[in-house]
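Summary of structural features
The residues making up each chain are set out below.
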2 protein chains.
Amino acid sequence: MPYGYNGRILRVNLSSGEISEERPDELFYRTYMGGSCIAAYYLLREMKPNIDPLGPDNILVFADSVVTGAPAPGFNRYTVGAKSPLTGGIGESQAAGFWGPELKFAGYDAIVIKGQSPKPVYLWIKDGKVEIRDAAHLWGRTTGEAQKLIREELNDVRVRIALIGPAGENLVRYACIVNELKHANGRTGMGAVMGSKNLKAIAVRGTNKPEFYNKDTITRLAKHFAANFLENPSVRGTHRLGTSELVSLQNVTGQLPTRNFRSGYFENADDISAEAIHEKLFVKAEGCYACPVTCKRVLKADHPYHVDPAYGGPEYESIAALGSACGVSDVVAVAKANELCNAFGLDTVSAGMSIAFAMECFENGLISREEANGLELKFGNANAMVRLVEAIAKRDGLGNLLAEGVKRSAEKLGKGSERFAMHVKGAEFPMHEPRVKGMLGLSYAVSPLGADHLTVEHDTDFDFNAPQVFLDQATPLGLLRRLPTSTIDSDKVRMFCYLQPHFSFLDVLGLCIFTFGPVRFFTMTHLVELVSAITGWETSLWEIMKAGERRVHMLRVFNCREGFNKKDDWLPERMFSPIEDGPAAGNKLDQEEFKDALKLYYEMMNWDVNTGIPSKAKLLELDLGWLLPEVESRQMESVS
Amino acid sequence: MPYGYNGRILRVNLSSGEISEERPDELFYRTYMGGSCIAAYYLLREMKPNIDPLGPDNILVFADSVVTGAPAPGFNRYTVGAKSPLTGGIGESQAAGFWGPELKFAGYDAIVIKGQSPKPVYLWIKDGKVEIRDAAHLWGRTTGEAQKLIREELNDVRVRIALIGPAGENLVRYACIVNELKHANGRTGMGAVMGSKNLKAIAVRGTNKPEFYNKDTITRLAKHFAANFLENPSVRGTHRLGTSELVSLQNVTGQLPTRNFRSGYFENADDISAEAIHEKLFVKAEGCYACPVTCKRVLKADHPYHVDPAYGGPEYESIAALGSACGVSDVVAVAKANELCNAFGLDTVSAGMSIAFAMECFENGLISREEANGLELKFGNANAMVRLVEAIAKRDGLGNLLAEGVKRSAEKLGKGSERFAMHVKGAEFPMHEPRVKGMLGLSYAVSPLGADHLTVEHDTDFDFNAPQVFLDQATPLGLLRRLPTSTIDSDKVRMFCYLQPHFSFLDVLGLCIFTFGPVRFFTMTHLVELVSAITGWETSLWEIMKAGERRVHMLRVFNCREGFNKKDDWLPERMFSPIEDGPAAGNKLDQEEFKDALKLYYEMMNWDVNTGIPSKAKLLELDLGWLLPEVESRQMESVS
């Protein structure tokens with residue numbers, strides 16, 4: 001290991017105000033590498049099971065990786081990890097933008113935050129100097145207001161700030177963290193954990209870019225990307241229209257989640273399509289650190305809602321969750337709701353799906369107009385949707401219920417509302433339809449994070465979109481044959497078992513799937529070459545895949561400690577009922593087929609087929625022997 | 001898969017004289033790639049279990065790979081595979097030299113030979129033309145005589161010939177096949193299978209070198225090797241002294257098998273060392289196709305034995321098996337015995353170890369002088385050793401017993417001789433000591449071929465030799481920590497599980513461990529680059545490792561069909577008793593530790609821990625679903 005990777009990890013105890021740092025050795029860095037694995041490492045090592053995720057015992061980790069900040073497209077993401085207040089299992093979420101590289105340039109690979117501040121504070125990190133500062137004047141403010149005040153008082157407009165809004169302060173279980181007001185660590189409620197610690201923001205400024213091992217190779221590949229990325233159909237699409245291009249693509253194939261997943265076809269999809277957004281609202285495209293794709297949209301509107309461009313435009317996930325999933329076709333309302341989510345610090349997916357759940361309950365008479373803050377809460381009521389976003393953030397009326405997420409809401413509501421709660425492990429469904437893409441259902445069911453659309457990228461299981469590109473780029477994994485889309489047979493389970501570590505690795509290093517996914521520009525060969533060039537480690541796709549597997553198992557073991565097992569790897573009943581209409585009408589998953597696939601997945605993963613707990617041998621094989629005591633006590637428990 | 005690999009497989013039925021060819025598609029080639037996997041593919045697909053390995057139902061496959069003949073060091077080996085008459089399980093052996101590339105240039109990737117010729121024949125293949133020719137006049141001849149006659153009658157001195165000697169004709173169970181009189185497909189008795197088919201030789205001549213995908217990369221890396229290989233300490237040693245350099249290295253560390261593995265230290269090792277050989281017998285160094293290492297020795301002597309340089313000099317394995325293992329210190333006798341093995345077509349390892357077994361039996365009064373062809377068969381009797389080699393090939397007296405291998409010999413002899421039979425699954429021990437290198441015992445026990453020193457290269461588990469080079473080169477596998485030599489704990493089992501597929505892959509493609517092993521010149525990154533450049537496939541170390549795992553499982557399933565299971569994965573009792581003297585005196589394996597390691601190995605491999613049979617999920621994961629029917633009937637069998 002010639003490079004001698006030499007990073008620092010910052011530790012902050014908010015209860016005591018103590019600040020320290022540590023320098024793990026290179027073996028640590030090469031084994032865990034970054035992001036999700038570094039976060040999980042500290043959570044597993046230093047946190048007891050069964051603690052309150054919103055109490056002082058939770059640990060909140062912000063983690064870059066050994067490659068963050070490298071001057072090439074896609075190396076800008078960081079992970080926030082903690083026990084999730086939404087699922088009770090492992091929580092984590094990645095965000096892009098500039099904050100991750102800035103933390104690295106400020107001298108740190110990660111921040112491990114413990115305890116609970118007695119009063120609101122924020123963290124200020126500049127080139128290795130760290131300060132806990134008062135945030136009393138920031139508390140209750142939107143992200144935009146707080147960011148402005150922090151920059152003013154630090155007297156530096158170039159400070160990068162990751163922060164929470166009122167939703168995080170109010171412990172909404174799916175509150176998010178945003179940086180630059182538009183890049184979100186969205187899922188699993190990391191913003192609520194931050195709020196529970198009375199931590200409003202982490203402001204960073206760094207001027208020391210690390211020396212990477214082989215600058216020539218990095219530069220060559222970055223230039224190669226810049227000169228040629230438009231030739232890749234997937235990246236070109238993302239560049240031209242952002243992720244919103246998916247709205248139409250999903251709809252024509254019957255897989256645009258509509259009215260809380262009752263349908264996969266939204267009759268008004270054109271109104272919320274990329275084309276509609278670009279025609280009505282588009283200001284400009286923006287991007288992330290060192291990336292020419294500029295897939296982010298900046299939008300603006302005045303009527304019927306004022307939409308502030310500072311908060312960015314909605315991604316596909318947000319458009320579908322706040323739009324079609326709620327039956328809403330007013331694109332300005334969708335953009336406004338997106339703005340409010342970023343300003344208040346709410347995950348757009350969980351917020352949209354919580355509202356969709358409430359709408360279906362309302363239409364079925366399980367929630368009254370009075371209970372619904374006086375709103376006529378039918379699918380398609382754009383104004384009700386926008387007002388509920390704010391109510392959730394403020395825990396106002398029905399918002400207070402929905403702030404708990406659909407699983408807890410249904411438990412409290414009762415009356416059979418559980419059948420409308422589209423979640424896995426408490427995490428609301430993202431905007432992809434398992435009844436059309438067979439592998440996706442397995443992916444939702446087994447992800448340690450609950451329903452997660454990035455466990456493997458959905459396009460890899462979709463004939464329509466980019467199968468040839470995928471086949472070409474997936475051959476280094478030994479995936480040589482095109483498989484039909486909606487099946488979930490043994491070939492598909494194998495494909496999932498090979499794709500999951502690859503995508504998992506992207507979240508270890510904080511790489512962007514829009515540059516590194518198997519249908520994207522950078523191939524797996526480029527990936528190996530870039531990681532080697534940046535770190536100086538002679539790595540390989542084998543080591544990369546094993547690092548990805550290591551992450552999957554660390555997250556899985558975390559959940560095992562919290563009592564999760566086989567019974568939690570399951571889908572809502574609706575997935576086994578037909579899609580109601582549209583091009584994929586009638587599609588459904590078969591329970592027995594799905595059970596078989598799940599069993600085969602456990603077997604391929606070398607997990608206990610009765611409990612879903614990783615085997616001792618598998619943990620040893622991944623050099624995770626230190627986790628054996630965590631699973632051994634669980635191995636013997638019987639599972640219903 | 002852009003290159004469109006397009007190879008041909010020759011089929012010959014020696015019973016009917018029918019000759020045909022087939023052109024598998026690229027998916028077949030990318031999945032099975034060559035050598036061992038192609039051989040196992042045809043054996044598993046087209047041969048029934050429980051057939052007589054020396055009868056007409058056995059199938060004999062000669063297989064190159066998709067990279068054979070590429071103009072770079074190490075791409076010259078071919079595999080011969082069949083059911084082994086020695087073990088009753090899968091048999092196969094690789095040989096280097098020039099025959100493999102010549103077959104490729106003659107138009108074929110492999111030859112699948114079925115049936116049994118009614119009379120001695122040989123096969124003549126020239127640039128796609130194939131002929132079965134009479135070999136009556138060659139039968140009974142040494143390899144040297146037969147090669148000369150074939151070249152004369154074909155009127156071409158450049159014909160490359162793989163052939164058997166009298167040992168193969170006489171069905172000695174460990175008869176080998178040699179090409180150029182000095183490169184042997186040595187182990188597991190492939191020469192006996194060839195003899196049973198009345199096939200004396202396969203002569204090939206090819207003038208059509210294939211076009212490889214990226215010639216520039218191949219040339220660049222071949223030049224890089226040629227210019228720098230002497231800087232690698234392992235390759236430099238092999239270049240300077242051949243493999244015979246190991247004699248001294250093994251002896252000083254107490255692991256030179258001596259007197260049938262009673263000791264690991266030979267007091268007269270200096271007399272059979274590389275230095276002794278070079279001083280007394282050395283003529284010149286030779287090499288293989290496209291390789292500058294020239295690790296082969298050409299030796300010559302007149303007294304006390306005439307040693308013919310045409311048959312090459314003994315490798316380390318042969319020196320130790322015919323020398324120290326028999327207590328023989330006369331280096332000329334060792335060279336002579338090596339010559340006889342190549343001339344008669346005997347595997348030097350099994351021959352030497354069969355003689356060592358007989359010597360220990362003799363010294364313990366289990367074989368009388370009369371039964372020993374009148375020889376005073378004590379350890380150290382060089383002349384007796386030389387005479388027994390010939391007797392085995394001719395099945396003369398005691399030679400007829402020993403021609404069956406030590407397992408069957410001990411069964412016939414009885415009288416407790418089993419304790420001197422050093423074998424796994426019937427295959428005699430090669431010249432490496434599991435009581436010094438802990439991983440080696442596991443390797444011997446679980447190899448589908450029986451005791452096999454190339455399942456993983458021994459140096460990788462040896463602190464003394466090349467640990468830093470190994471650590472540097474093994475990091476792409478994620479093997480980051482140096483482990484103590486003689487242990488066999490969970491870290492070592494993990495290391496074995498990662499190294500086995502890598503070495504297994506070398507036998508899929510027919511690559512040389514002296515250029516590609518993890519302590520050698522070409523790194524794993526070079527390996528990926530070269531395979532990609534030669535084939536045009538964008539491959540990776542992941543795909544390579546999975547291809548290696550695929551081979552391990554195909555061979556394992558073959559053995560399962562033949563009734564092998566957990567009980568066959570075990571070592572001779574001597575391995576659990578102390579080494580008698582020398583620097584490693586007292587070293588032994590612990591039975592309970594070894595059982596634990598074996599169990600953990602099964603678990604890491606995802607095999608049934610009670611039977612040692614690969615799980616359904618593992619076969620599906622390796623895209624070997626077609627083998628499920630082969631194991632399902634075995635899964636339920638109980639194992640003692």
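Residues numbered from 1 in each chain as written. Chains lettered and ligands numbered in written order. Predicted model: local features only at pLDDT ≥ 70, side-chain atom pairs only at ≥ 80, totals over all residues. Heavy atoms only, no water.

Attention shifts here to the packing of aromatic side chains. Given two aromatic rings, their pairing is described by the distance between the two centres and the angle made by the two planes. Residues and elements named next belong to chain A. Following the criterion strictly, the structure yields 61 aromatic pairs over all chains and no others. Taken together, a centroid distance of 4.9 Å and an interplanar angle of 80° make the contact between F28 and Y41 edge-to-face. Of the two residues, F28 sits in helix α1 (residues 26–32) while Y41 sits in helix α2 (residues 35–46), which places them 13 residues apart along the sequence. Comparing F28 with Y41 shows no difference in burial state: the two are buried. Judged by centre distance (5.0 Å) and plane angle (75°), the ring pair of F225 and F521 falls under edge-to-face. With F225 in helix α7 (residues 215–228) and F521 in the loop between α20 (513–516) and α21 (524–535), this residue pair connects regions lying 296 residues apart in the sequence. You can call F521 buried: its relative accessible area is 10%. A connected cluster of aromatic rings, assembled from ring pairs, spans Y5, F28, Y29, Y32, Y41, Y42, W537 and W626. Directly above the aromatic system of Y498 lies the positively charged group of R494, at a separation of 4.9 Å from the ring centroid. (Phe/Tyr/Trp six-rings, centres within 6.5 Å; stacked < 30°, edge-to-face > 60°. Helix = DSSP H or I, 4+ residues; strand = E, 2+ residues; numbered from the N terminus. Buried < 20%, exposed > 50% of the residue type's maximum accessible area, 1.4 Å probe, protein only. Lys NZ or Arg CZ within 6 Å of the ring centre and 35° of its normal.)

Counting residues at the interface gives 37 residues for chain B, matched by 37 residues for chain A. Buried area between chain B and chain A, summed over both chains or domains, comes out near 3,300 Å², and the portion from carbon and sulfur atoms is 57%. By the criterion of area lost to chain A, the three top residues of chain B are B:L480, B:E538 and B:W542, representing 23% of everything that side buries. The closest approach of N and O atoms between A:R481 and B:D623, which form a salt bridge, is 2.6 Å. Inspection of the region where chain B meets chain A yields 18 residue pairs in polar contact (both at pLDDT 80 or more). For the side of chain B that touches chain A, the secondary structure elements donating two or more residues are α1 (26–32), α19 (490–509), α21 (524–535), α22 (541–561), α23 (591–605) and α24 (616–621) of chain B. In terms of residue class, the side of chain B that touches chain A is built from 15 nonpolar, 9 polar and 13 charged. (Contact = heavy atoms within 4.5 Å. Buried area = accessible area lost by both parts, 1.4 Å probe. Salt bridge = Lys/Arg side-chain N within 4 Å of Asp/Glu carboxyl O. Polar contact = N/O pair within 3.5 Å; in protein donor to acceptor, adjacent residues only side chain to side chain. Nonpolar A, V, L, I, M, F, W, Y, C, P; charged D, E, K, R; others polar.)

Our next topic: the domain arrangement of chain A. Residue and element names in this part refer to chain A. The domains assigned to chain A are domain 1 (9–205), domain 2 (244–428) and domain 3 (438–639). Between the C-alpha centres of domain 1 and domain 3 the distance comes to 26 Å. Listed as interface residues are 40 residues of domain 1 and, on the opposing side, 36 residues of domain 3. In total, domain 1 and domain 3 occlude about 3,400 Å² of area from one another, counting both sides; carbon and sulfur atoms represent 65% of this. The three residues of domain 1 that bury the most area against domain 3 are R30, L44 and I90, which together make up 22% of that side's buried surface. Our count for the contact surface shared by domain 1 and domain 3 stands at 3 salt bridges. (Domains from an automatic or database assignment.)

Another point: empty space enclosed by the protein. Going through the model one piece at a time under the given rule, you end up with 12 cavities of 30 Å³ or more. Roughly 290 Å³ of internal volume is contained in the largest cavity. Around the largest cavity sit 22 residues that line it, and A:K546, A:K618, A:E621, B:K546 and B:K618 are the ones nearest its centre. Among the elements of the structure, α19 (490–509), α22 (541–561), α23 (591–605) and α24 (616–621) of chain A together with α19, α22, α23 and α24 of chain B are those that each provide at least two residues to the lining of the largest cavity. (1 Å grid on protein atoms, 1.4 Å probe; cavity = no way out; pocket = protein on both sides within 12 Å on 5 of 7 lines; lining within 4 Å. Points joined across faces, edges and corners; volume = space filled by probe spheres on them.)

The next thing to look at is the packing of helix α13 (residues 348–363) of chain B against helix α14 (residues 382–394) of chain B. Residues and elements named next belong to chain B. At a closest axis distance of 10 Å, the pairing of α13 and α14 adopts a crossing angle of 115°. Of the two elements, α13 crosses α14, and the hand of that crossing is right-handed. Each of A351, I355 and M359 in α13 lies in contact with α14, whose residues at this interface are M385, L388, V389 and I392. Here the residues of the contact of α13 with α14 sort into 7 nonpolar, no polar and no charged. (Axes fitted to C-alpha atoms, helices over the stretch in contact; angles between N-to-C directions. Left-handed = near helix turned anticlockwise from the far one by under 90°.)

Quick look at the nonpolar core now. With 376 residues, the main nonpolar core has A:M385 and B:M385 as its most contacted residues. Contacts of B:M385, omitting those with residues within four sequence positions, involve B:L322, B:C326, B:V328, B:A333, B:V334, B:A337, B:I355 and B:M359. (Core = buried A, V, L, I, M, F, W, Y, C linked by side-chain atoms within 4.5 Å.)

Moving on, we get to helix α16 (residues 405–413) of chain B. All names here are of chain B. By the burial criterion, the buried members of α16 are G405, V406, S409, A410 and L413. Angularly, the buried residues of α16 cover 160° about the axis, an arc narrow enough to put them on a single face. For α16, the exposed residues lying more than 90 degrees away from the buried face are E411 and K412. Along its buried surface, α16 packs onto α13, α15 (398–402), β15 (423–424) and β16 (427–428). (Arc of directions from axis to C-beta.)

For the rest of this paragraph, the subject is the state of the cysteines. All names here are of chain B. Counted by the stated rule, this structure contains 0 disulfides over all chains. Cysteine C288 is unpaired, with the sulfur of C295 as its nearest cysteine sulfur at 6.0 Å. Relative accessible area serves as the criterion here: at 13%, C288 is assigned to the buried category. (Disulfide = S-S within 2.5 Å.)

To continue, consider unusual backbone geometry. Cis rather than trans, the peptide bond between A:H303 and A:P304 has omega equal to 0°. Structurally, A:P304 can be placed in the loop between β14 (296–299) and α11 (316–322). Non-glycine residue B:N198 carries a positive phi angle of around 60°. Residue placement: B:N198 occurs in the loop between α6 (190–196) and β12 (199–205).

Moving on: the sheet that holds strand β9 (residues 160–163) of chain B. In a beta sheet, neighbouring strands are held together by backbone hydrogen bonds and run either parallel or antiparallel to one another. All names here are of chain B. Pairing in this open sheet of 6 strands is mixed, and the strands run β8-β7-β12-β9-β10-β11 from one edge to the other. If you trace the sheet from one side to the other, it starts and ends with β8 (129–134) and β11 (183–185), each paired once. The mean inter-strand angle of the sheet, taken between neighbouring strand axes irrespective of direction, is 20°. In the sheet, β9 pairs with strand β10 (residues 177–179) via 2 bridges, with the strands oriented antiparallel. Note on β10: the bridge partner recorded for L163 is V178. Against the sheet, helix α4 (residues 143–154) engages β7 (121–126), β8, β9, β10 and β12, with an angle of about 140° to β9. (Pairing = 2+ DSSP bridges.)

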